[in-house]
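# An overview of the molecular structure
The primary structure of each chain is shown beneath.
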Amino acid sequence: MKSKRAAFLIFVPMKKYFLYVSLLVFIFPFNSFTQTEASVYFNGASREKRNTQYRKILQNTITKNLSLPLSDFTEDNWADAFWGMELLHYKAPWADGRITMAFDSIETRTIGFQRALLELAYCSYPRRYVKQVTSLLNNTSDAKIFAMCAEYLLLSNKMALATINFTNRKKQLTANEKDEAIVAELFNRIQNNALQKNSASIVENINKDFLKNNIILYSFQRKNRNYPGLAVVRDSSGKFVRDDSGKIFSVSQLARSISNLPGYLTNGNTPQGIFRMYGFDTSKASFIGPTTNIQLTMPFETSLCHFFKDSTITDTAWTEEWYKKLLPKNLKNNHALFESFYAGKAGRTEIIAHGTTVDPAYYAGEPYFPQTPTMGCLCTKEIWSDVDGRRLQSDQQKLVAAVQKAGGPDGYCVVIEIDDVQKAVTLQDILPLLNQ
């Protein structure tokens, strides 16, 4: 039975690889960070339409679907409701009771249903279902379900993992390459083997010799993705793009997913590491909106010759050794920067850098407000008129202009967590590193 949840996967765009740079370069002269090419509108931004959309999601997607008896035939309806609850950050006693009922039978449900329920639990109920999740972890043979259960327990009850024989479980869970990637990343997180990230690592990364002669979009993030990061752009000569006032250009950029799951899991946060940047596009997805986005791909999502910009490469098999060729000498064993590699190996796709038309009111009170989380993309702040839907502010348009000023969207994007300070990243935080 085909899931209706696909109708709500509104952050994931379709990639288009053949429209790209040449048309946009000549049609839109992105020279100034203060100009916009023309008034841009989003039809659904008026307060009346936003309120109507909220009611529809609440009444039709959440309440109506959760009112159905839970059975093999209604699992998709319930999964749709879970997604609606994540999107709206919705909680209510009646809905909470239905979620508890869903957990009562989780071990007899399909893998797809289990994933949807565990994602909602991780997002909205971090300590409520430890007993049920522990039981599922001990009995599942699916690598992703096992990982989601373990990550849920890591939030609040790490001791529940102490009795797991990981050596035996690893053999049971790794049926293919994707499973191997998921289990490897999970075990790495559990064992705390990732190297500590520090200023020395960052300096090494932004050295002119790193990805030399390439345009780079850097996204500096905190470990806690509730706090927005900061995007800067380096041109192919190693110089950082500056704004109209002469300062190093930067815009706030959120790398948090709605679920806040780690980056190696579907719908998780943007993973750290290297992405191939290749082209501009526009999305028809209603919650991404009409502002130009920046296309990105991960290892495994595209070929080696495309990722390395080298048509002479004939090898078709992605390996860690290939990925290491992109890293500076001192960072070739820094596991943190391999997150995009393992996320791609685990099957994640369609992570791009885009704007947003999501109603920020859903997330009032969150540290990242008025920015909005996605399904794992890099997202910049955009403000739309609640009267006529006109775009009033767009950090995404500014970012596109900066990339164009650097030479165009043909290079790399590098996502790096700099520390675990509990506040948004500012230009002052990274200027000492950039100046070096």
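In this convention, every chain numbers its residues from 1, walking through the sequence in written order. Given that the model is predicted, a residue must reach a pLDDT of at least 70 before its local features are reported, and side-chain atom pairs must reach 80 or more before they are shown or counted; all residues, however, enter totals for whole chains, interfaces and linings. Water and hydrogen atoms were dropped before computing side-chain values, which therefore reflect all heavy atoms in the structure.

### Here we look at the packing of aromatic side chains
Using the following cut-off: Between the rings of Phe, Tyr and Trp (Trp by its six-membered ring), a pair exists once the centres lie within 6.5 Å; its type follows the angle of the planes, with under 30 degrees stacked, over 60 edge-to-face, and the other angles tilted. A run of DSSP states H or I qualifies as a helix once it reaches four residues; a run of E qualifies as a strand once it reaches two. Both are numbered from the N-terminal end. Relative accessible area decides the class of each residue, using a 1.4 Å probe on protein chains only: under 20% of the type maximum gives buried, over 50% gives exposed, and in between gives partly exposed. Each ring is checked for a lysine NZ or an arginine CZ that lies within 6 Å of its centre and within 35 degrees of its normal; such an atom marks a charge sitting over the ring.
All told, the structure shown has 22 aromatic pairs when counted by the stated rule. Between Phe300 and Phe341, the aromatic rings sit 5.1 Å apart at their centres with planes inclined by 65°, giving edge-to-face as the arrangement. Note that Phe300 is positioned in the loop between strand E5 (293-297) and helix H11 (304-307) and Phe341 in helix H13 (residues 339-345), a separation of 41 residues in sequence. When its relative accessible area of 2% is taken as the criterion, Phe341 is described as buried. Grouping aromatic residues by their ring pairs yields a cluster made of Phe300, Phe307, Phe308, Trp318, Trp322, Tyr323, Phe338, Phe341, Tyr342 and Tyr412. Over the aromatic face of Tyr125 sits the side chain of Lys91, whose NZ or CZ is 4.8 Å from the ring centroid.

### Here's the deal with the pattern of salt bridges
In plain terms, the rule: The salt bridge criterion pairs a side-chain nitrogen of Lys or Arg with a carboxyl oxygen of Asp or Glu, the two atoms within 4 Å.
All chains considered together, the criterion is met by 14 salt bridges. Measuring nitrogen to oxygen at the nearest pair gives 3.0 Å for the salt bridge that ties Glu417 to Arg225. A residue pair is termed long-range when its members are at least 10 positions apart, and Glu417 in strand E10 (residues 410-419) and Arg225 in the loop between strand E1 (215-222) and strand E2 (229-234) qualify at 192 residues. Here Glu417 falls in the buried class, since its relative accessible area comes to 8%. Residue Arg225 is classed as buried on the basis of its relative accessible area, which comes to 3%. Measuring nitrogen to oxygen at the nearest pair gives 3.9 Å for the salt bridge that ties Lys398 to Asp395. In this pair, Lys398 and Asp395 both sit in helix H14 (residues 395-406), three residues apart, roughly one turn of the helix. You can call Asp395 buried: its relative accessible area is 8%. Put simply, Arg222, Asp419, Lys423 and Asp429 are held in one network by salt bridges that share partners.

### Focus on the confidence of the model for the chain
Cut-off, in case you're wondering: pLDDT expresses, on a scale from 0 to 100, how confident the predictor is about each individual residue. Here, residues are in contact when the closest pair of their heavy atoms is within 4.5 Å.
Counting all residues, the mean pLDDT for the chain is 89, and 89% of those residues have values of 70 or more. Here residues 1-31 is a poorly scored stretch, pLDDT under 50, and it has 73 contacts once near neighbours within four places are set aside; other chains count. The low-confidence segment residues 193-197 (pLDDT under 50) makes ten contacts with residues lying over four places distant or belonging to another chain.

### Regarding the side chain of Gln114
Our working rule: Within 3.5 Å is the distance limit for a polar contact, defined as a pair of N or O atoms, with the added protein rule that one can donate a hydrogen and the other accept it, and that residues adjacent in sequence qualify only through two side-chain atoms.
The topology assignment puts Gln114 in helix H5 (residues 111-124). Among the polar contacts listed, one links the side chain of Gln114 to the backbone oxygen of Ile106, at a separation of 2.9 Å.

### Digging into the pairing of E10
Heads up, the condition is: Strand pairing is defined by DSSP finding a minimum of two bridges between the two strands.
Extensive coverage of E10 is indicated by the burial of eight of its ten residues. Bridge count for E1 against E10 is eight bridges, and the pairing is parallel. Looking across to E10, one finds that Phe220 is bridged to Ile416. Sheet topology note: the strand E4 (residues 273-281)/E10 ladder contains six bridges and is antiparallel. Each bridged residue has a counterpart across the sheet, and for Met277 the counterpart in E10 is Gly411.

### Let's talk about unusual backbone geometry
Following Phe369, the chain continues to Pro370 via a peptide bond in cis, the omega torsion being 10°. Note on placement: Pro370 falls in the loop between strand E6 (353-354) and strand E7 (378-380). You will see that Phe300, though not glycine, has its phi angle at about 75°, which is positive. At Glu350, a residue that is not glycine, the phi angle is positive and equals roughly 60°. By the secondary structure assignment, Glu350 is in the loop between H13 and E6. The exposure class of Glu350 is buried, given its relative accessible area of 17%.

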